[in-house]
Amino acid sequence: MSKKIMAINAGSSSLKFQLFNMPEENIIVKGIFERINDPKGMLFSYTVKDEKRRTELKIISHVEAVHYLLNFLLEEKFVETLDELEGVGHRVAHGGEFFKSSSLVLEKEMEQISQLAKLAPLHNPVNLAGIQAFKKSLPKCPQVAVFDTSFHQTLPESQYIYPIPMKYYHENKIRRYGFHGTSHQYVAQKAAEIMNKELSDLNLITCHLGNGASVCGVKEGKSYVTSMGFTPLAGLMMGTRSGDIDPSIIPFLQKERGMSADEISNLLNNQSGLLGISELSNDFRDVIEAADNGNKQAVLALDIFISRVKQTIGAYAAELGGIDGLIFTAGLGENSAKIREKCCEGLEFLKVNIEKNKNERNDVIISTFKSGVEVLVIPTNEELMIAKETVSLI
Ligand code: ADP
């Protein structure tokens, strides 16, 4: 029997939703509320059967957006009654060590998600606000939390413990958690389907390259090594995030320039990466265009980005003892043939060979017939993954 399942992705100033018919995986309606918490009101856009509409609303908060959404579903006859919604799945940023997989959310889980806000102060509180708003309006409908961290709960200790005194792990929970887990897991599963193999028989490297970017080494179907760490600042260079830097730079800036912890956090999270180097934009399209027009800083920014991706692929291939598949996903990974080509250049020694035409056409399989590694372009779909997890738990 078909079930109507809602997938919710609440951010600090936005709330995205997709209503699915499951298990058919049909999208009934999807949309986004933007500019939440802006006193001028929010923007609401939605798409039904490829037709996009957009309106301005006078409401302000996440709770009001949820009420509006439920009324909208009724008024536009996407549902006859709200009882038709059989489950709501929520993306939650941080599940810490408590949530090793997705979970139904009752009182105890709400409390845990709230306590984990210490580790994800910008995200967990808004994710929780979304859950609470749905619980209030739909008290009988099961709510499920799907965590960005849980796919990475299979990392071995040797990958998640940082080489600082162990008491900081025990007392402060400082360890590598990894993020984008829902996306890495989704594309790894899809890759296995495309390759017609069991996921548990495959070693893969999945590259989620968007505004935020991370790489995951998937060993026999499980996350084994990943580039984001205690927070999503670690690893690759990103749109505005530095990624890995020498940690001594932080106390040096504090002493030398009198910068506070908050100022340095803002510098590394919001002013660095592509934006910091190019001094133009945090958007890859802008920087690629500027580089094509000969802008030296744009060229340098892309060179650093590509070099970091390539180093990570090489390191993870070594850690996994070779790979069967290399997957590109997210805004840049799905759309930029040029970046994929550059990231694969010189990887022939790992048996990675891509075919120019297939790559430029954005084919699903972009490797040559002779390539020892399948190189795939797979659009990520975190919302569908959330809906699937929700169905499996309700
Ligand atoms: P996030 O979800 O982390 O905000 P996305 O996965 O949507 O990010 O990726 C956004 C990035 O993808 C932007 O930097 C954008 O410039 C880049 N991008 C999207 N389409 C293209 C394209 N055709 N060529 C190059 N970059 C692209």
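Residues numbered from 1 in each chain as written. Predicted model: local features only at pLDDT ≥ 70, side-chain atom pairs only at ≥ 80, totals over all residues. Heavy atoms only, no water.

Caption draft 1: Examining the sheet that holds strand 1 (residues 3-10) more closely. Taken together, the eight strands give an open sheet; going across it, the order is 5-4-3-2-1-6-8-7, and neighbouring strands pair in mixed fashion. The two strands at the open ends of the sheet, each matched to only one other strand, are strand 5 (51-57) and strand 7 (103-104). One ladder, built from seven bridges, connects strand 2 (residues 15-22) with strand 3 (residues 26-34); its direction is antiparallel. Of the residues in strand 3, the one forming a bridge with Phe17 is Gly31. Contacting strand 1, strand 2, strand 3, strand 4 (42-48), strand 5 and strand 6 (85-92), helix 1 (residues 62-75) crosses the sheet at an angle of about 145 degrees to strand 3. (Pairing = 2+ DSSP bridges. Helix = DSSP H or I, 4+ residues; strand = E, 2+ residues; numbered from the N terminus. Contact = heavy atoms within 4.5 Å. Axes fitted to C-alpha atoms, helices over the stretch in contact; angles between N-to-C directions.)

Caption draft 2: Just the sheet that holds strand 12 (residues 325-329), in detail. The strand order 11-10-9-12-13 describes an open sheet built from five strands, whose pairing is mixed. In this open sheet, the two edge strands, each paired with only one partner strand, are strand 11 (222-226) and strand 13 (374-377). Mean inter-strand twist for the sheet, computed between neighbouring axes without regard to direction, equals 25 degrees. In the sheet, strand 10 (residues 213-219) pairs with strand 11 via four bridges, with the strands oriented antiparallel. Of the residues in strand 11, the one forming a bridge with Cys216 is Thr226.

Caption draft 3: Representation of helix 3 (residues 124-137). Relative to the 20 Å expected for 14 residues at 1.5 Å per residue, helix 3 spans 20 Å between its end C-alpha atoms, a close match to the ideal helical length. All buried positions along helix 3 are accounted for by Asn124, Val126, Asn127, Leu128, Gly130, Ile131, Ala133 and Phe134. At its buried positions, helix 3 is contacted by strand 1, helix 1, strand 6, helix 2 (107-115) and strand 8 (143-147). (Expected span 1.5 Å × (residues − 1). Buried < 20%, exposed > 50% of the residue type's maximum accessible area, 1.4 Å probe, protein only.)

Caption draft 4: Local environment of the environment of His170. Among the secondary structure elements, His170 is positioned in helix 5 (residues 167-172). Classification of His170 as exposed rests on a relative accessible area of 52%. Distance in space between the C-alpha atoms of His170 and His152 is 19 Å, their sequence separation being 18 residues.

Caption draft 5: The arrangement of the packing of helix 10 (residues 284-292) against helix 11 (residues 296-320) in detail. Viewed as axis vectors pointing N to C, helix 10 and helix 11 meet at an angle of 120 degrees, and their least axial separation amounts to 8 Å. By the angle class used here, helix 10 and helix 11 are oblique. Viewed along their axes, helix 10 and helix 11 form a crossing whose handedness is left-handed. Packed against helix 10, whose contacting residues are Phe284, Val287, Ile288, Ala290 and Ala291, the element helix 11 presents Ala298, Val299, Ala301, Leu302 and Phe305 at the interface. Within the contact of helix 10 with helix 11, the residues separate by chemical class into 10 nonpolar, no polar and no charged. (Parallel < 35°, antiparallel > 145°, perpendicular 65-115°, else oblique. Left-handed = near helix turned anticlockwise from the far one by under 90°. Nonpolar A, V, L, I, M, F, W, Y, C, P; charged D, E, K, R; others polar.)

Caption draft 6: Looking closely at the UniProt feature "binding site: Mg(2+)" (unreviewed entry) in the protein chain. The residues that UniProt annotates with the feature "binding site: Mg(2+)" (unreviewed entry) are Asn9 and Glu382. The greatest C-alpha distance among the residues just named is 9.1 Å, despite their covering 374 residues of sequence, which places them together in space. Checked against the element boundaries, Asn9 lands in strand 1. In this structure Asn9 touches Ser14, Leu15, Lys16, Arg91 and Glu383, once residues within four positions along its chain are discounted. Note that Glu382 resides in helix 15 (residues 382-393). Residues in contact with Glu382, not counting those within four places in the same chain, are Arg91, Thr182 and Ser183. (UniProt positions renumbered as here; feature names shortened; annotations may be inferred.)

Caption draft 7: Focus on the nonpolar core. Membership of the largest hydrophobic core comes to 54 residues, with the highest contact counts inside it found for Ile205, Leu209, Phe305 and Leu326. In terms of residues, this core owes the most to one element, helix 11, which gives 10 residues. When residues of this core are assigned to domains, at least three fall in each of domain 1 (3-147) and domain 2 (197-377). Sequence-distant contacts of Leu209, defined by excluding residues within four places in its chain, comprise Leu236, Phe305, Val309, Phe328, Thr329, Ala330, Gly331, Leu332 and Gly333. Counting residues in each nonpolar core, the second largest holds 30 residues, with Ile8, Ile36, Ala65 and Val66 among its members. (Core = buried A, V, L, I, M, F, W, Y, C linked by side-chain atoms within 4.5 Å. Domains from an automatic or database assignment.)

Caption draft 8: Layout of the environment of Leu73. In this structure, Leu73 sits in helix 1. Apart from the residues lying within four places of it in its own chain, the contact partners of Leu73 are Met6, Leu19, Val29, Phe78, Val79 and Leu85.

Caption draft 9: Highlighting the packing of aromatic side chains. Counted under the stated rule, the structure contains 14 aromatic pairs. For the cation-ring pair, Lys173 lies above Tyr169, with the distance from its terminal atom to the ring centre recorded as 5.8 Å. The ring of Tyr160 carries the charged tip of Arg175 above its face, separated from the ring centre by 3.7 Å. (Phe/Tyr/Trp six-rings, centres within 6.5 Å; stacked < 30°, edge-to-face > 60°. Lys NZ or Arg CZ within 6 Å of the ring centre and 35° of its normal.)

Caption draft 10: Examining the site of the ligand more closely. The full set of residues close to the ligand is Gly210, Asn211, Gly212, Asp283, Phe284, Arg285, Ile288, Ala330, Gly331, Leu332, Asn335 and Ser336. One nitrogen or oxygen atom from the side chain of Asp283 is found 2.5 Å from an oxygen atom belonging to the ligand. Within the side chain of Asn335, an N or O atom sits 3.4 Å from a nitrogen atom of the ligand. The fraction of the free accessible surface of the ligand (580 Å²) that becomes covered by protein chains is 66%. When contributions to the shell around the ligand are tallied by element, the ones reaching two or more residues are helix 10 and helix 12 (330-335). For the shell around the ligand, the element with the highest residue contribution is helix 12, accounting for four residues. (Near = heavy atom within 4 Å. Polar contact = N/O pair within 3.5 Å; in protein donor to acceptor, adjacent residues only side chain to side chain. Areas by Shrake-Rupley, 256 points an atom, 1.4 Å probe, with all protein chains shown as cover.)

Caption draft 11: Spatial organisation of unusual backbone geometry. The amide bond that connects Met22 to the next residue, Pro23, takes the cis arrangement and shows omega of 10 degrees. Among the structural elements, Pro23 can be located in the loop between strand 2 and strand 3. Located in the positive-phi region is Lys351, a residue other than glycine, with phi close to 70 degrees. Structurally, Lys351 can be placed in the loop between helix 13 (337-344) and helix 14 (356-360). By relative accessible area, Lys351 is classed as exposed at 55%.

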